[in-house]
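Structural overview for review
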Amino acid sequence: MPDRSILVVQHEDDCPPAWFGGWLGEAGMALDVRRPYAGEPLPADLAGHDGLLVLGGPMGAYDDAEHPWLADTKALIRDAAGSGVPTLGICLGHQLAAVALGGKVVVNPRGQQIGLIEVGWLPEADTDPLARLAGRGRRGVHWNNDIVTELPQGAVPLARTPEGELQAVRFAPTVWGVQPHPEADDHIVGLWAANDVEHPPGVVDGVVAAIAGAREELVASWRPLARAFASVVTRV
């Protein structure tokens, strides 16, 4: 069977597909990675692509004026929702999916979330076409200021933090988002930590060390999500 093609929207050098891209490759997916911040144009639609993966980044879901490709990314998400192209948003991608389809994103009033946070899977995940195949890791890497607070009509929450913030959502029948970073290892998080100005160095160093220590757990927990997404792409 020929490889299926997944369009990947990358928002900055320090947020690559990393682990998740490798796992999709293992599952037979061909990645078409576009870096619009570096002048690589996004396609006008998803013709020629079997899936869409939207990665994380430091900007906000409403920052279209400063980062014009965000509007194009949201248009692609709406195209995917309307045409049934399987789509997964990670962190910023999750927030962009929410906004693109009619939801709302705000700065988390509890402050920035960083490090390993328990993932509180909900009963709805047991029957979700993606989450039920995904292994549902119990901890995920978070590094975000913003959170989704209002969902588009028809969206289904799939996981929440212990404090109740949304962590995973099915925004449309073939569009999902996850707030944690399944792609991020300690090297990637170390790049984010190096630019962190909100926490003392000892705090971010401890976060990076904890993620390094959880490497095997994270791979075992989140590789199934990539394989499940590849399976959904293949079935469509």
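See the structure shown above.
These notes cover the structure that comes with them. Everything quoted here is computed from the prediction, not taken from an experiment.

**Re empty space enclosed by the protein**
- One pass over the structure, following the stated rule, counts one cavity of 30 Å³ or more.
- Considered as a void within the structure, the largest cavity measures approximately 70 Å³ in volume.
- As for the largest cavity, its lining consists of 13 residues, and the residues nearest its centre are Trp 121, Leu 130, Ala 131, Val 178 and Leu 225.
- The set of elements that each furnish at least two residues to the lining of the largest cavity consists of strand S11 (166-172) and strand S12 (175-178).
- Per element, the largest residue contribution to the lining of the largest cavity is three residues, and it comes from S12.

**Side note on helix H4 (residues 186-194)**
- Considered for burial, the residues of H4 that qualify are Ile 188, Val 189, Trp 192 and Ala 193. The buried residues of H4 occupy an angular sector of 145° when the element is viewed end-on, so they sit on one face. Exposed side of H4, more than 90 degrees from the buried face: His 187 and Ala 194 are the residues found there.
- Each element contacted by the buried residues of H4 is listed here: helix H1 (18-26), strand S8 (139-144) and helix H5 (201-213).
- Among the residues of H4, the N-terminal cap falls to Asp 185, whose side-chain oxygen and the backbone nitrogen of His 187 are separated by 3.1 Å.

**Considering the pattern of salt bridges**
- In this structure the tally under the stated criterion is 10 salt bridges.
- The shortest N-O distance in the salt bridge between Asp 32 and Arg 34 comes to 2.9 Å.
- Asp 32 gets classed as partly exposed once you look at its relative accessible area, which sits at 21%.
- We note a salt bridge from Arg 215 to Asp 186, for which the minimum N-O separation is 2.8 Å. With Arg 215 in helix H6 (residues 215-235) and Asp 186 in helix H4, the pair connects residues that are 29 residues apart, well separated along the chain.

**Digging into the packing of helix H2 (residues 69-83) against helix H3 (residues 92-100)**
- Close contact between H2 and H3 brings their axes to 9 Å; oriented N to C, the two are set at 70°. As the angle between them shows, H2 and H3 are arranged roughly perpendicular. Helix-helix and strand crossings are classified by hand; for H2 and H3 the assignment is right-handed. In this structure, H2 uses Leu 70, Thr 73, Lys 74, Ile 77 and Arg 78 to contact H3, whose residues at the interface are Gly 93, Leu 96, Ala 97, Val 99 and Ala 100.
- Residues belonging to the contact of H2 with H3 are distributed by class as follows: six nonpolar, two polar and two charged.

**Digging into unusual backbone geometry**
- Unusually for a residue other than glycine, Ala 18 sits at a positive phi of about 45°.
- Positionally, Ala 18 belongs in helix H1.
- Classification of Ala 18 by relative accessible area gives partly exposed; the value is 33%.

**Quick look at the pairing of strand S2 (residues 29-34)**
- Two strands pair when backbone bridges link them, and strand S1 (residues 4-9) and S2 are joined in this way by six bridges, in the parallel orientation. Counted as the bridge partner of Ile 6 is Leu 31 from S2.
- Taking the sense of rotation as the criterion, the β-α-β connection linking S1, H1 and S2 turns out right-handed.

**A word on the side chain of Gln 112**
- Residue placement: Gln 112 occurs in the loop between strand S5 (104-107) and strand S6 (113-118).
- Using a relative accessible area of 18% as the deciding quantity, one classes Gln 112 as buried.
- Those residues in contact with Gln 112 that lie beyond four places of it in its chain are Trp 143, Asn 144, Asn 145, Asp 196, Glu 198 and His 199.

**Focus on the sheet that holds S12**
- Spatially, eight strands are ordered S2-S1-S3-S4-S12-S11-S10-S7 in an open sheet, and the strand pairing comes out mixed. Either end of the sheet is taken by a strand with one partner, and the two such strands are S2 and strand S7 (120-121).
- Bridge count between strand S4 (residues 87-90) and S12: four bridges; the pairing is parallel. Within S12, the position partnered with Thr 87 by the bridge is Val 175.

**Observations concerning the nonpolar core**
- Counting residues in each nonpolar core, the largest one holds 49 residues, and the members touching the most others are Phe 20, Leu 24, Leu 53, Trp 121 and Val 189.
- Per-element accounting of this core gives the leading share, 10 residues, to H6.
- By size, the runner-up hydrophobic cluster in this structure holds 28 residues, among which are Trp 69, Val 85, Ala 155 and Val 175.

Procedures and definitions
Residues numbered from 1 in each chain as written. Predicted model: local features only at pLDDT ≥ 70, side-chain atom pairs only at ≥ 80, totals over all residues. Heavy atoms only, no water. 1 Å grid on protein atoms, 1.4 Å probe; cavity = no way out; pocket = protein on both sides within 12 Å on 5 of 7 lines; lining within 4 Å. Points joined across faces, edges and corners; volume = space filled by probe spheres on them. Helix = DSSP H or I, 4+ residues; strand = E, 2+ residues; numbered from the N terminus. Buried < 20%, exposed > 50% of the residue type's maximum accessible area, 1.4 Å probe, protein only. Arc of directions from axis to C-beta. Contact = heavy atoms within 4.5 Å. Polar contact = N/O pair within 3.5 Å; in protein donor to acceptor, adjacent residues only side chain to side chain. Salt bridge = Lys/Arg side-chain N within 4 Å of Asp/Glu carboxyl O. Axes fitted to C-alpha atoms, helices over the stretch in contact; angles between N-to-C directions. Parallel < 35°, antiparallel > 145°, perpendicular 65-115°, else oblique. Left-handed = near helix turned anticlockwise from the far one by under 90°. Nonpolar A, V, L, I, M, F, W, Y, C, P; charged D, E, K, R; others polar. Pairing = 2+ DSSP bridges. Right-handed = clockwise from strand over helix to strand, strands pointing away. Core = buried A, V, L, I, M, F, W, Y, C linked by side-chain atoms within 4.5 Å.

Don't take any of this as a statement about function, it's just geometry.
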